[in-house]
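Examining the three-dimensional arrangement
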Amino acid sequence: MSEIKLGIIGGGQLGSMLSKAAKELNIKTVIYCDDKDAPGQNFCDEFIYAKYLDKNKIVEFAKKVNVITYEFENIPFESLNDLNKLKPVLPKPSVNRLIQHRLAEKDFINKLNIRTTRYVHVENKEDLLTLNDFCPGILKTTTMGYDGKGQYPITNLKEIDSLKINFNNEYILEKLVKLKKEISVIVTRFGNNRYEIYEPIENTHEEQILKHSKIPAEISKKIFEQSKEWAILIAEELKYIGTLCVEFFIDRNENLYVNEIAPRVHNSGHLTINAYNVSQFENHVRAVCSLEQIPLKKIANAEMINLIGDQIIPYRENLKNKDNQFFFDYLKKDIKEKRKMGHLTILK
Ligand code: ADP
Ligand code: MG
């Protein structure tokens, strides 16, 4: 086969790890990113720094590659659509458009008879003031949110003035679930009823940011099966190509809810690099580049700890990888509060 060049939009840690996985498969990568300091430039073969709406740069990017994918969902649909006219974009731009909008995403999931949190569209302050029934709840921007950004926990409607909510944005209000646990399921779909699926991962968040992930998740057999079934149904229904992650809530009554879908590789799946024969990143590259599908095999139980902000410093100074312990530094230029700087995976 002639040489494949993969275009990746976004140059954060996920783009970096996709590039690394591609390199091991002898696939060259071009990363396109609007951050000139993006860490992905340390891992790709070529780096293009430009705005996502720069029409000329987009054409230049498309000419350099055979197929295009992305590491995050908040990319203008218009750009993905323009790119898709030049080279295949996978997952399809229409999938990304659906999932990047929390309201459209939740409507889609409910149509599949899959449970989500209770939610309602909020267009202005007057709407919000009538929604006592959804409190305590979390107000979330319909688009552009990640790592808890654009979210306002609301216990009581009396407090909304003090939250300084910007009503130029559109929101949904979600009823707060009394969480027992959060899990995620990662699946890579190669085509009709052809997929590789990882076992459910148990996740712990701190201040709405993922802090810790582990396999096996401590969940019932019923939830183990149901979460995998729902993830596969979602991937099939979207005719998805590549790796996708479904985030779930489990409440104190053992009810399972889909929280959200990530149309991409996911932070909770970093442990797949060391715990499986094929990582979520390699599987994504295999699926979007139409390479061979390899049956998944779990190698070990594992846990992953995110290193956020200055938590990375002691690891940079002291830690070398040990037999069962793997340290990843994303090589981000500046340490910032709440920024994911690296992670540690420990095999059990
Ligand atoms: P993001 O796009 O920032 O990941 P999420 O909707 O996944 O946003 O919310 C981040 C985290 O906040 C969740 O993983 C969960 O811990 C908490 N959270 C969000 N919505 C709810 C909810 N309705 N009930 C309980 N916890 C929630
Ligand atoms: Mg989330």
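To keep things clear, this report deals only with the structure shown in the data block. (Residues numbered from 1 in each chain as written. Chains lettered and ligands numbered in written order. Predicted model: local features only at pLDDT ≥ 70, side-chain atom pairs only at ≥ 80, totals over all residues. Heavy atoms only, no water.)

Our next topic: the nonpolar core. Of all hydrophobic cores here, the largest spans 41 residues; its most connected members are L6, I9, F61, I68, L83, V285 and C289. Mapped by element, the contributors of at least two residues to this core are β1 (5-9), α1 (13-24), β2 (28-33), α2 (55-64), β4 (67-70), α3 (77-86) and α9 (280-288). Among the elements that take part in this core, α1 stands out by supplying five residues, more than any other. A domain split of this core shows at least three residues from each of domain 1 (5-89) and domain 3 (179-347). Judged by nonpolar contacts, the second largest core, of 26 residues, contains F108, A217, W230 and A231. (Core = buried A, V, L, I, M, F, W, Y, C linked by side-chain atoms within 4.5 Å. Buried < 20%, exposed > 50% of the residue type's maximum accessible area, 1.4 Å probe, protein only. Helix = DSSP H or I, 4+ residues; strand = E, 2+ residues; numbered from the N terminus. Domains from an automatic or database assignment.)

Moving on: the coordination of the magnesium ion (ligand 2). For the magnesium ion (ligand 2), the full set of protein donor atoms is E247 (OE) and E260 (OE), and the range of their distances to it is 2.0 to 2.3 Å. With E247 in strand β13 (residues 242-251) and E260 in strand β14 (residues 256-262), this residue pair connects regions lying 13 residues apart in the sequence. Among the residues examined, E247 registers a relative accessible area of 14% and is labelled buried. (Donors = N, O, S within 2.8 Å, 3.2 Å for Na, K, Ca; no water.)

What follows concerns the sheet that holds strand β7 (residues 151-154). Strand order in this open sheet of four strands is β5-β8-β6-β7, and the pairing throughout is antiparallel. Each edge of the open sheet is held by one strand with a lone partner, namely β5 (119-122) and β7. Sheet twist, expressed as the mean angle between neighbouring strand axes with direction ignored, is 25°. Pairing geometry for strand β6 (residues 137-141) and β7, over four bridges, is antiparallel. Bridge assignment links K140 to a residue of β7, and that residue is Q151. Most of the contacts of helix α5 (residues 102-111) go to β5, to which it runs at about 150°, and overall it touches β5, β6, β7 and β8 (171-175). (Pairing = 2+ DSSP bridges. Axes fitted to C-alpha atoms, helices over the stretch in contact; angles between N-to-C directions. Contact = heavy atoms within 4.5 Å.)

Note on placement: S227 falls in helix α7 (residues 221-237). We classify S227 as buried; its relative accessible area is 0%. Separated by 2.9 Å, the side chain of S227 and the backbone oxygen of I223 make a polar contact. Non-local contacts of S227, meaning those with residues more than four positions away in its chain, are made with I183, V185, P200, F248 and L256. (Polar contact = N/O pair within 3.5 Å; in protein donor to acceptor, adjacent residues only side chain to side chain.)

Below, the discussion takes up α1. A rise of 1.5 Å per residue sets the reference length of α1, with its twelve residues, at 16 Å; its end C-alpha atoms lie 17 Å apart and thus fit the reference within 8%. Most of α1 sits inside the fold, with nine of its twelve residues counted as buried. All of the buried residues in α1 are Q13, L14, G15, S16, M17, L18, S19, A21 and A22. Lining the buried residues of α1 we find β1, β2, α8 (272-275), α9 and β17 (340-347). N26 sits one or two residues past α1 and shows a positive phi near 65°. (Expected span 1.5 Å × (residues − 1).)

It is worth spelling out the pattern of salt bridges at this point. Here the structure, examined in full by the defined rule, presents 24 salt bridges. Residues K140 and E174 are paired through a salt bridge, measuring 2.8 Å at the closest nitrogen-oxygen approach. Highlighted residues: K140 in strand β6 and E174 in strand β8, separated in sequence by 34 residues. Note on K140: relative accessible area 5%, which makes it buried. Residue R316 is joined to D329 by a salt bridge in which the shortest nitrogen-to-oxygen separation is 2.7 Å. Note that R316 is positioned in helix α10 (residues 312-318) and D329 in strand β16 (residues 325-329), a separation of 13 residues in sequence. You can call D329 partly exposed: its relative accessible area is 21%. Salt bridges linked by common partners bring K55, E78, D82 and K85 together as one network. (Salt bridge = Lys/Arg side-chain N within 4 Å of Asp/Glu carboxyl O.)

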